[in-house]
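Here is what each chain is made of, one letter per residue.
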Amino acid sequence: MVRDDTSKYLPLTESTYYIMLTLVEPLHGYAVMQKVEEISKGTVKVGPGTLYGAFTALEKEKLIVKVKEENRRKSYVLTPKGKRVLINQINRLEIMTRNGLSVKNLYD
Amino acid sequence: MVENTIRKFRWFWPWQDEQEEAWLRSMSQKGWHLLSVGLAGIYRFQAGEPCDYIYRLDYQIHKKKDQQDYLQLFSDAGWEHIGDMSDWHYFRKEAKEGEVPEIFTDVESKVAKYKRVLIYLFFFAVIIIAFWHNVWFDYPYSWWFVTRAIYLLLIASLVYSIIRLLLRIRHLRRI
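Residues numbered from 1 in each chain as written. Chains lettered and ligands numbered in written order. Predicted model: local features only at pLDDT ≥ 70, side-chain atom pairs only at ≥ 80, totals over all residues.

## What about the domain arrangement of chain B?
Residue and element names in this part refer to chain B. We count it as follows: Segmentation of the chain into domains, including their bounds, is taken from an automatic or database domain assignment. Three classes are used, and their members are as follows: Ala, Val, Leu, Ile, Met, Phe, Trp, Tyr, Cys and Pro are nonpolar, Asp, Glu, Lys and Arg are charged, and the others, Gly among them, are polar.
Domain assignment breaks chain B into domain 1 (5-94) and domain 2 (107-174). Each of domain 1 and domain 2 has a C-alpha centre, and the two are 24 Å apart. A class-by-class count of the residues in the side of domain 1 that touches domain 2 yields 5 nonpolar, no polar and 1 charged.

Structural data, given as structure tokens:
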């Protein structure tokens with residue numbers, strides 16, 4: 001596997017992964033929470049404490065950037081570095097899923 | 001003083017936040033809802049209809065300007081901010097249909113909270129230990145044993161808190 005400056009962030013936690021997935025477009029916190037629950041079909045819920053911590057950490061690592069602040073709500077979007085991290089995570093997940101599916105097929 | 005309020009004093013150590021949350025919930029189930037928190041473990045409760053309020057504590061040291069969007073985020077998610085006491089923030093939300101809401105939804109973010117407390121306690125301990133010479137030798141006359149005893153107790157409780165928090169983190173990671 002190619003190691004670059006993004007490998008130290010991997011693997012992402014499930015919450016961080018979903019939070020980053022939603023930030024392909026600028027969103028504020030509450031919208032992120034709703035969208036994560038929606039696209040994960042309710043399997044992942046992100047509480048405000050977890051989300052605030054993730055925003056703080058991701059912003060500090062420059063994986064996301066604040067694009068707007070309106071009515072005390074900050075909106076963030078992925079940076080190019082954040083996108084690279086996300087893509088590498090998706091690649092890892094693809095391998096995981098393929099491995100999982102080959103085992104699952106044995107049981108079907 | 002508002003009518004129908006009571007004050008209670010209760011001491012919790014920093015690793016006992018879940019016990020504290022459970023105690024506040026049981027107070028609400030008895031019809032006593034947390035109204036405010038004061039310094040040094042003083043809680044004020046207001047009488048009301050019993051209900052199943054879930055209380056959750058976060059530990060955050062904020063600059064004032066950073067606090068607004070933090071509180072807004074919790075408020076958007078349906079959490080009411082009751083107050084804060086030495087950087088512990090008290091939130092509550094009613095449990096609906098038996099579902100207990102959470103502000104931290106994974107182990108990592110819970111661990112991160114305890115780490116924030118640890119960092120604070122660690123710096124506090126360093127500062128206090130840095131002044132040991134003043135405490136030990138500068139207090140004159142007959143009171144020296146009192147200051148020394150308080151000093152030793154303070155250090156012992158800090159070290160004990162740090163150990164208990166580390167154990168708490170280890171326990172969380174094991175689940």
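## Here we look at the sheet that holds strand S2 (residues 64-70) of chain A
All names here are of chain A. Applied cut-off: We call two strands paired when DSSP finds no fewer than two bridges between them. Elements are defined by DSSP. Helices are runs of H or I of four residues or more, strands are runs of E of two residues or more, and each kind is numbered from the N terminus.
Taken in spatial order, the 3 strands line up as S1-S3-S2 in an open sheet, and their pairing is antiparallel. With one partner strand each, in any of the chains shown, strand S1 (27-28) and S2 form the two edges of the open sheet. For S2 and strand S3 (residues 73-78), the ladder comprises 6 bridges, and the chain directions are antiparallel. In the strand pairing of S3, Glu69 is matched with Lys74.

## Thoughts on the sheet that holds strand S2 (residues 32-38) of chain B
The strands making up a sheet associate through backbone hydrogen bonding, with each pair oriented either parallel or antiparallel. All names here are of chain B. Condition: Simply put, an axis is a line fit to the C-alpha atoms, just over the touching stretch for a helix, and the angle between two N-to-C directions goes from 0 to 180 degrees.
In space, the 3 strands of this open sheet follow the order S1-S3-S2, with antiparallel pairing throughout. For this open sheet the edge positions go to strand S1 (5-9) and S2, each flanked by a neighbour on one side alone. Each strand axis lies, on average, 30° off the axis of its neighbour in the sheet, ignoring direction. Bridge count between S1 and strand S3 (residues 42-47): 5 bridges; the pairing is antiparallel. When the sheet's bridge partners are listed, Ile6 is paired in S3 with Phe45.

## Regarding unusual backbone geometry
Residues and elements named next belong to chain A. How we decide: Labels follow a simple rule on C-beta atoms placed from the backbone: if 20 or more others lie within 10 Å of a residue's own, it is buried; if 12 or fewer, it is exposed; otherwise it is partly exposed.
Cis geometry marks the peptide bond from Leu10 to Pro11, where omega comes out at -5°. Here Pro11 shows up in the segment before helix H1 (14-22). Phi is positive for Lys41, which is not a glycine, with a value near 50°. Note on placement: Lys41 falls in the loop between helix H2 (29-39) and helix H3 (48-60). Positive phi is not limited to glycine here, since Lys62 has a value of about 60°. Here Lys62 is to be found in the loop between H3 and S2. Taking the C-beta count within 10 Å as the criterion, Lys62 has 11 such neighbours and is therefore assigned exposed.

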